[in-house]
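# Structural overview for review
These are the residues of each chain, in order.
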2 protein chains.
Amino acid sequence: MKILFKNARILTMADSNIFDGHLVVTDNRISYVGKQLPSGMFDQVIDCEGNLLMPGFKNAHTHSAMTFLRSKADDSSLQDWLFNEIFPREANLHEGCIKELTKVAILEYLSSGVTAVLDQYFYPQEFADTCNEFGFRSVSLAMYDPKARPVEEILRLIRDNNKPSSLATFVIGLHSEYTPTDEMFETTIKLLETTKSPYYVHLSETQKEVDECYERRKMSPMEFFDSLHMFDNGGAIFHGVYLSDNDIEIIKKHDITVVSNPSSNMKLASGIADVTKLLNKGVRVALGTDGPASNNALDMFREMYLATGLQKLKHNNPVSIPAYEVLKMATINGAYAMGLKDADTLEVGKLADLIMIDLYRPSMQPINNIINNLVYSGEKDCVKLTMINGKILYRDGKFYVGEDIKDIYKKVQLLTEELNKIK
Amino acid sequence: MKILFKNARILTMADSNIFDGHLVVTDNRISYVGKQLPSGMFDQVIDCEGNLLMPGFKNAHTHSAMTFLRSKADDSSLQDWLFNEIFPREANLHEGCIKELTKVAILEYLSSGVTAVLDQYFYPQEFADTCNEFGFRSVSLAMYDPKARPVEEILRLIRDNNKPSSLATFVIGLHSEYTPTDEMFETTIKLLETTKSPYYVHLSETQKEVDECYERRKMSPMEFFDSLHMFDNGGAIFHGVYLSDNDIEIIKKHDITVVSNPSSNMKLASGIADVTKLLNKGVRVALGTDGPASNNALDMFREMYLATGLQKLKHNNPVSIPAYEVLKMATINGAYAMGLKDADTLEVGKLADLIMIDLYRPSMQPINNIINNLVYSGEKDCVKLTMINGKILYRDGKFYVGEDIKDIYKKVQLLTEELNKIK
C-alpha cells in the first residue's frame, strides 16, 4: 500500500522549519519526504491543498477508560472527588467494560490528532486489545499488584504484547509513592532489574503527597524512588507539580521525562508545575491530558495552550514558554518518554503516525506563523486527518475504525449508567 | 419563512432544565418551543436527532478586526507587545482593511457558536456594515475622539445604525481611564447624558493601570468614572482583574456587568480576575475572548473552561465555579451586558439566535451531564449549527455567508502581509 500526500506544507519536527513538499507512506512507514513531487504508481493520492502535515500528538499521560466518569464529579473537592465519587464508581468496573469505555476515548484522541497515548488503568490487556482492534498506538503500564496482577501476569503482558506487529505495548510502573505496599515496591524493583524497563509513576502531584512522603520517609517521592534505583533505566513521572531542586537533579541524572498535565492540575486545584524552571534546567517535558474525569477533554491543543499560558501567569511573564518548545513537548518529547523512537518525526523510515492540519479553518487564518497558530489558536476542528501506522483512522470529521460510532456510544451509555449506580 | 427543529434536546437558559422537544422559528423569531411536535406547514424541517439546541454564545468583549495580528507577537512582554508590535502595525490600518479582517473573525465566531459580539475597534461603521452583510449580530462602541470621531459622527453612528432592521448597533464607550484626554471625558459624559446610553470601558486590567490611576487621581478607575456619573445608566467593564471592595459596591449600585477575559489575562500575564468573589457578592459576570492578538482564538468554549479552571487554581478550591454559572456568563449574562434583551433565551417571541451542539462528538459522550460536558469538554468541533436572526450561517463545518471563504482568506492574507510591514 503506497499513499502519496501531495502539495502539503510539512513540519517534520526534526526542526522548526516548515516547507512546501510531498510525502509518501509505504505500508506503515514514511518512504519519502521532500520538495520534489515523486513519480511512480500510488494506491491513493491525497491532495493536501497547502494544508500542514506534521507528526501526531503524543498524549503521555492518560487513563482512557475513565470516560464513564466524564462530567460525573466536577466542581467537588479533591477528597470528595476521589473517595465519594471516583473510587466507589471504579469499584463497579469489570473487565467487560474496558473495551467500550476505551473506544470513546480513542475516538476523541483521533479527533484531536493524537496518534499515541501512554495509558495507565485497570485491565490493561483489554485496553491493549482495543488499541490493536482500532489500529491505535499505545504504551501502557503493567503494574504489579499481588491481588490483581502477579509477576507472571506482568511478564505475560510484556511477552504477549511487546511484539513488532503489536500497536499496544507495555512498560513497567506503579501508581505512586503513597499507594503501593512494601512488597509491591520490592517486586517492582526486581521486575525493573530483570526487564531493564524504564519506570513510570505519578509523582509530586500535590503538596500533600510530598509532605506526607517526607513524614513517612524523610525524603521526597523522587528521592525515595532514586534510593531504590527504580529510575536507573530512565522513564517518566506524571504531574511533577512540586519538585525540589534535588528532585530535578535526579531527573536529569536518569534522563527522566516530566509529563505535565496542566488542565488536570488546574481543574483539581493541584497547582501549576514549574515547567519554565524545568526547561531552563534542561529537563525534557512532555504533555498529557490525564483522564476524562479530571480534565475533562482528551485534547492536546488544550494542554499546549495551557502549558504556555499557565507559565505566563505563574511567572508573571508573558515571554515563557515559546510556542515551538510547547509543540516539541506535545510531539517528540512525548514520543521519547514513551520509547517510541520510530514514531517521533516525519523522516524517511519513521512510522507513519501523522496528522493533517486544516489551515483553512478561521482560527488558522491569516498565516503569520503556523507554529504559533497551532499552539495559540489550534483546536480539534483544525484536525483534518489522523493516520496511525500508515492507516487513515480519521478524516474530515469521520472515523474509520471498522465500527459504527453511534453503536459504540449506545453501549457506553448503558455501561455508564450501570457503573454509576454507586453501591 | 418557517423552520421546524424536531427531536431536539432543548436548554432554553431560562433555567438549567434540559428537555426533549421541538422548536419553531418563524422569520427571525422563535414562535414555538415545547414537548409536543407542532403540526402545520414548514419551509424547512431539521431533524436534530437528539442533539442540543441552546442560545448562542455572547462574546462580550472583543476587537474583531485584529485578526491580522494573530500569532504575530506572541511570547513577548506587555510593553514590547503593545509599543513595538501592536501599535506600529495598527498605525498602518485604514478603513479599507476592516471589512476583510472582520470577516475572518466572524467565521470563527460562527464556528464557535457565537451569535453576537460586543466589539471595540477602529472604523466602527465598516465593522457594522460587515456584520449586516454577513447577517451577524453585534453591538459596538462609538468612542468619541476629536481627531477620528467627533460628536456628530457618534450621533450619526447611533442614528444610522440603531434601527430595528440593523444587526449591528452602537453604544457609547471609551478605551480606558488612562488613554483619553480631559476633553474626551467631558464630551463623553455629555453624550451619555443626552443619549441615556450605558457606558463601556476597559477597567482595572492590570495592577499598573490601577496604581497609576491612584497616583494621578487619588482613586481607582472605577471610583473615577463613578465620580463623573458615567455609569449612571449601567453598562459593562472589560477585564476587572484588580477591583477593590469599594469598586465592587459601585458595580452593584449601577448594575454594571463585569466582562471577564480569562484567556487574554492569562496570555498577557495580567492576572486572574476574582470572579468567585464577584459572584459571591452578587455581581453579574459575562465572558469575552478579547481580540485575536491577545488570546488568540475567538472561542467561547476556551473562555468557559478557563473561567472555572482558573478560579479553582486561584482559590485552591476545585469547587468554584459550578458549570451552570459559567454557562450563564457565556450566554444570558453577556446578552444583558450588551442590551440584547430579546436574544438571551430560547423562549417564544425571542430572536432566533441559537446553536445546535453535536452530542455525538466523542468529547460529548457519554451523557452524564450535558451542562458539564459543554463547559468542561465542549469545543468548537461540537458546534453543528449556528443560526442568527433566523438564518443558518454555519452548519456541519460549512459557512453560509454569501461568499467563498477561500476568497476571504486570500484577501486577508494579502492585507495582513501589507499591514505587518512596520514603517
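This part takes up the overall build of chain A. What chain A contains, in helices and strands, is 14 helices and 17 strands. Here chain A has a C-alpha radius of gyration of 21 Å; the compact-globule value for 423 residues is 22 Å, and the two agree. For chain A, the proportion of contacts with a sequence separation of at least 24, taken over those separated by at least 6, is 72%.

A common way to state how big an interface is: give the accessible area lost once the parts meet. The interface is formed by 54 residues belonging to chain B together with 54 residues belonging to chain A. Contributing elements (two or more residues each) for the side of chain B that touches chain A: α1 (78–90), α2 (95–111), α9 (262–267), α11 (300–314), α13 (370–377) and α14 (405–419) of chain B. In terms of residue count, the dominant contributor to the side of chain B that touches chain A is α14 of chain B (5 residues). Each residue belonging to the side of chain B that touches chain A can be placed in one class, and the counts come to 22 nonpolar, 20 polar and 12 charged.

In this section: α11 of chain B. Residue and element names in this part refer to chain B. If you check α11, its first and last C-alpha atoms are 21 Å apart, about what 15 residues at 1.5 Å a residue would give, namely 21 Å. For α11, the buried fraction is high: 14 of the 15 residues fall into the buried class. Of the residues trailing α11, Asn316 is marked for its positive phi of about 50°.

Time to look at unusual backbone geometry. Cis peptide bonds are those with omega within 30 degrees of zero, and the linkage from Asn295 of chain B to Asn296 of chain B qualifies with 10°. Its place among the elements puts Asn296 of chain B in the loop between β13 (285–287) and α11. The step from Gln365 of chain B to Pro366 of chain B runs through a cis peptide bond, and the omega angle for that step is -10°. When you line up the elements, Pro366 of chain B lands in the loop between β14 (354–357) and α13. In the Ramachandran plot, His239 of chain A falls in the positive-phi region, its phi being about 90° despite a non-glycine side chain. Its place among the elements puts His239 of chain A in strand β11 (residues 235–239).

Our focus in this paragraph is the environment of Lys350 of chain A. If you trace the backbone, Lys350 of chain A turns up in the loop between α12 (323–337) and β14 (354–357). Excluding its chain neighbours within four sequence positions, the residues that come into contact with Lys350 of chain A are Arg29, Ile30, Asp342, Ala343, Asp344 and Thr345 of chain A.

Here we come to the packing of helix α11 (residues 300–314) of chain A against α12 of chain A. What describes two packed helices is the angle between their axes and the distance between those same axes. Residue and element names in this part refer to chain A. Close contact between α11 and α12 brings their axes to 10 Å; oriented N to C, the two are set at 135°. It follows that α11 is oblique to α12 by the angle criterion. The crossing of α11 and α12 is right-handed. Contact residues: Met300, Glu303, Met304, Ala307 and Thr308 in α11; Ala323, Val326, Met329 and Ala330 in α12. Of the residues in the contact of α11 with α12, the class split is 7 nonpolar, 1 polar and 1 charged.

Moving on, we come to the relation of the copies chain B and chain A. Here the two chain copies are tied together by a rotation about an axis and a shift along that axis. Once chain B is rotated about the relating axis by 180° and shifted along it by 0.0 Å, it coincides with chain A to within an RMSD of 0.0 Å. Expressed as a symmetry operation, the mapping of one chain copy onto the other fits a two-fold axis. Residues of chain B ranked by C-alpha distance from the rotation axis are headed by Asp381 of chain B, positioned 2.4 Å from it.

As a further point, take the nonpolar core. Nonpolar side chains tend to gather and get buried jointly when the protein is soluble and globular. Counting residues in hydrophobic clusters, the biggest one holds 280 residues, and the most contacted among them are Leu53 of chain A together with Leu53 and Met304 of chain B. In this structure, Met304 of chain B is in contact with Leu287, Val326, Leu327, Ala330 and Val375 of chain B, ignoring residues within four places of it in sequence.

Residues and elements named next belong to chain A. Once the domains are mapped, chain A shows domain 1 (2–55 + 350–399) and domain 2 (57–337). Relative to domain 2, the C-alpha centre of domain 1 lies at a distance of 28 Å. Counting residues at the interface gives 21 residues for domain 1, matched by 22 residues for domain 2. Breaking the side of domain 1 that touches domain 2 down by element, the ones donating at least two residues are α13 (370–377), β15 (383–388) and β16 (391–395). The element best represented in the side of domain 1 that touches domain 2 is α13, accounting for 5 residues.

Here the focus is the pairing of strand β3 (residues 29–34) of chain B. All names here are of chain B. In this structure, strand β2 (residues 18–26) lies alongside β3, joined through 5 bridges in antiparallel fashion. Following the sheet pairing, His22 is matched in β3 by Gly34. Between β2 and β3, which pair antiparallel one after the other, the connecting turn spans 2 residues, and Asp27 there sits at a positive phi close to 55°.

Looking now at the sheet that holds strand β12 (residues 256–260) of chain A. Residues and elements named next belong to chain A. Pairing in this open sheet of 8 strands is parallel, and the strands run β6-β7-β8-β9-β10-β11-β12-β13 from one edge to the other. Strands at the two margins of the open sheet, each flanked by one partner only, are β6 (57–62) and β13 (285–287). Strand-to-strand twist in this sheet, taken as the mean axis angle between neighbours without regard to direction, amounts to 30°. Sheet analysis places strand β9 (residues 168–173) next to strand β10 (residues 199–203), joined by 2 bridges and oriented parallel. Counterpart to Gly173 in the pairing with β10 is Tyr200. Across the sheet, α11 touches β6, β7 (114–119), β12 and β13, and the angle it forms with β13 is around 140°.

What follows is about the pairing of strand β15 (residues 383–388) of chain B. Residue and element names in this part refer to chain B. Across the 6 residues that make up β15, a large majority, 6, are buried. By the bridge criterion, 4 bridges tie β14 to β15 in an arrangement that is antiparallel. Opposite Ile355, over in β15, you have Thr386 as the bridge partner. Where β15 lies against strand β16 (residues 391–395), 4 bridges are found, and the strand directions are antiparallel. When the bridges of β16 are listed, Thr386 appears paired with Tyr394. Two successive antiparallel strands, β15 and β16, enclose a turn made up of 2 residues, where Asn389 displays a positive phi of approximately 55°.

In this section: the sheet that holds strand β6 (residues 57–62) of chain B. Residue and element names in this part refer to chain B. A sheet is described by the order of its strands in space; here 8 strands give the open sequence β6-β7-β8-β9-β10-β11-β12-β13, paired in parallel fashion. Either end of the sheet is taken by a strand with one partner, and the two such strands are β6 and β13. Pairwise comparison of adjacent strand axes, ignoring direction, gives a mean angle of 30° for this sheet. Both strand β11 (residues 235–239) and strand β12 (residues 256–260) contribute to a ladder of 4 bridges, which runs parallel. Within the sheet, the bridge partner assigned to Ala236 lies in β12 and is Thr257.

Residue and element names in this part refer to chain A. Where α12 contacts α13, the two axes come as close as 9 Å, and the packing angle between them is 70°. In terms of their interaxial angle, α12 and α13 are classed as roughly perpendicular. Where α12 crosses over α13, the handedness of that crossing is left-handed. Between α12 and α13, the contacting residues are Ala323, Tyr324, Val326 and Leu327 on the first element and Ile371, Asn372, Leu374, Val375 and Tyr376 on the second. A per-class count over the contact of α12 with α13 returns 8 nonpolar, 1 polar and no charged.

Residues and elements named next belong to chain B. Structurally, Leu414 can be placed in helix α14. Leu414 sits in the exposed class, given 12 other C-beta atoms within 10 Å. Taking the C-alpha atoms as reference, Leu414 lies 26 Å from Ala148; in sequence the two are 266 residues apart.

Residue and element names in this part refer to chain B. Assignment of secondary structure puts Val201 in strand β10 (residues 199–203). Measuring from C-alpha to C-alpha, the distance between Val201 and Met143 comes to 9.8 Å, with 58 residues separating the pair along the chain. Among residues more than four places away in sequence, those in contact with Val201 are Gly173, Leu174, Ser176, Phe225, Ile237 and Phe238.

About the thresholds
- Residues numbered from 1 in each chain as written.
- Chains lettered and ligands numbered in written order.
- Predicted model: local features only at pLDDT ≥ 70, side-chain atom pairs only at ≥ 80, totals over all residues.
- Helix = DSSP H or I, 4+ residues; strand = E, 2+ residues; numbered from the N terminus.
- Rg over C-alpha atoms; globule rule 2.2 N^0.38 Å.
- Contact = placed C-beta atoms within 7 Å.
- Nonpolar A, V, L, I, M, F, W, Y, C, P; charged D, E, K, R; others polar.
- Expected span 1.5 Å × (residues − 1).
- Buried ≥ 20, exposed ≤ 12 C-beta atoms within 10 Å, placed from the backbone.
- Axes fitted to C-alpha atoms, helices over the stretch in contact; angles between N-to-C directions.
- Parallel < 35°, antiparallel > 145°, perpendicular 65-115°, else oblique.
- Left-handed = near helix turned anticlockwise from the far one by under 90°.
- Least-squares fit on C-alpha atoms with pLDDT ≥ 70 in both.
- Core = buried A, V, L, I, M, F, W, Y, C linked by C-beta atoms within 7 Å.
- Domains from an automatic or database assignment.
- Pairing = 2+ DSSP bridges.

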